[in-house]
Amino acid sequence: MDYTTLHATPDAATYQHLRVAAGLSPKSDEAAARGLPHTLFAVQLLHEGQVVGMGRVIGDGGTAFQVVDIAVLPAHQGRGLGKRLMGEIAAWLQAHVPPSGYVSLLADVPADALYAQFGFQPTAPRTVGMAWHRPPA
């Protein structure tokens, strides 16, 4: 199959569809509308004009960067597209992150093996990933 690469942030509907279809948590219209414009870098993979994969880098542009939203539609998984997305992201990071910048990501297993190919290493036991969730109203 032939895929093309597009360096652009997906629109909110595409973003929300890819996340849910790829098994990631859903994001509300409000969250997508607020967050997507603050993307530092985004890559999309298209097949026959349709977006089938994406990945983004978010952060402050100087000290902190996070790789997020790596998603490929199930019908296109197993074809090296996650690796292709990460290759595009790794090239952008290499060109734009200052020497003192910190790049992180949260990896679901077994995707951690993919990220390791691009130099990402577990931080435990020195550091532990933590998350905060808004309590129900």
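Being a predicted model, the structure only gives us computed values, none of them experimental.

Conventions and cut-offs
Residues numbered from 1 in each chain as written. Predicted model: local features only at pLDDT ≥ 70, side-chain atom pairs only at ≥ 80, totals over all residues. Heavy atoms only, no water. Helix = DSSP H or I, 4+ residues; strand = E, 2+ residues; numbered from the N terminus. Rg over C-alpha atoms; globule rule 2.2 N^0.38 Å. Contact = heavy atoms within 4.5 Å. Areas by Shrake-Rupley, 256 points an atom, 1.4 Å probe, with all protein chains shown as cover. Lys, Arg positive; Asp, Glu negative; His and termini not counted. Charge placed at Lys NZ, Arg CZ, Asp CG, Glu CD. Buried < 20%, exposed > 50% of the residue type's maximum accessible area, 1.4 Å probe, protein only. Arc of directions from axis to C-beta. Pairing = 2+ DSSP bridges. Axes fitted to C-alpha atoms, helices over the stretch in contact; angles between N-to-C directions. Phe/Tyr/Trp six-rings, centres within 6.5 Å; stacked < 30°, edge-to-face > 60°.

### Description of the overall build of the protein chain
Scanning the protein chain from terminus to terminus reveals 4 helices and 5 strands. When the helices and strands of the protein chain are placed in sequence order, the string is β-α-α-β-β-β-α-β-α. In summary, the protein chain has a C-alpha radius of gyration of 15 Å against a globular reference of 14 Å for 137 residues, a match within 12%. With the principal axes as the frame, the protein chain shows a C-alpha extent of 45 × 40 × 25 Å. Long-range contacts, defined as pairs at least 24 residues apart, comprise 62% of the intrachain contacts of the protein chain with a sequence gap of at least 6. When the accessible surface of the protein chain is split by element, carbon and sulfur atoms take 56% of a total near 8,600 Å². Computing the positive centroid from 9 side-chain charges and the negative centroid from 10, the protein chain places the two 6 Å apart.

### Thoughts on helix α1 (residues 12-21)
Taken together, the buried positions of α1 are occupied by Tyr 15, Gln 16, Leu 18 and Arg 19. All buried residues of α1 lie within an arc of 165° about the axis, which places them on one face of the element. Positive phi appears at Gly 23, one or two residues downstream of α1, with a value of about 95°.

### As for the sheet that holds strand β2 (residues 41-47)
Strand order in the open sheet formed by 5 strands is β1-β2-β3-β4-β5, with mixed pairing between adjacent strands. The open sheet has two edge strands with one neighbour each: β1 (4-6) and β5 (102-104). Going from strand to strand, the sheet's axes swing by 20° on average, the running direction of each strand aside. The sheet contact formed by β1 and β2 spans 3 bridges and is antiparallel. Residue pairing across strands places Thr 4 opposite Leu 46, the latter belonging to β2. Each of β1, β2, β3 (50-59), β4 (64-72) and β5 is contacted by helix α3 (residues 81-96), which is oriented at about 160° to β4, the strand it contacts most.

### Points about the side chain of Arg 19
Among the secondary structure elements, Arg 19 is positioned in helix α1. You can call Arg 19 buried: its relative accessible area is 7%. Ignoring sequence-local partners within four residues, the contact set of Arg 19 consists of Leu 24, Ser 25, Lys 27, Met 54 and Asp 69.

### Overview of the pairing of β2
Counting buried positions along β2 gives 7 out of 7 residues, so the element sits mostly inside the fold. Residues of β2 alternate between two faces, with Phe 41, Val 43, Leu 45 and His 47 on one and Ala 42, Gln 44 and Leu 46 on the opposite face, all of them buried. As defined by bridge partners, β2 adjoins β3 across 7 bridges and the pair is classed as antiparallel. In the strand pairing of β3, Gln 44 is matched with Met 54. What sits between β2 and β3 in their antiparallel hairpin is a turn of 2 residues, with Glu 48 showing a positive phi close to 55°.

### Let's talk about the packing of aromatic side chains
Scanning the model with the defined rule gives 2 aromatic pairs in all. Here the aromatic rings of Phe 41 and Trp 92 are separated by 5.5 Å at their centres, their planes lie at 15°, and the arrangement is stacked. Highlighted residues: Phe 41 in strand β2 and Trp 92 in helix α3, separated in sequence by 51 residues. Here Phe 41 matches Trp 92 in class, with each residue buried.

### So, the environment of Ala 91
Its location among the elements puts Ala 91 in helix α3. Given a relative accessible area of 48%, Ala 91 falls into the partly exposed group. Ala 91 sits 27 residues away from Phe 118 along the chain, and the two C-alpha atoms are 9.9 Å apart.

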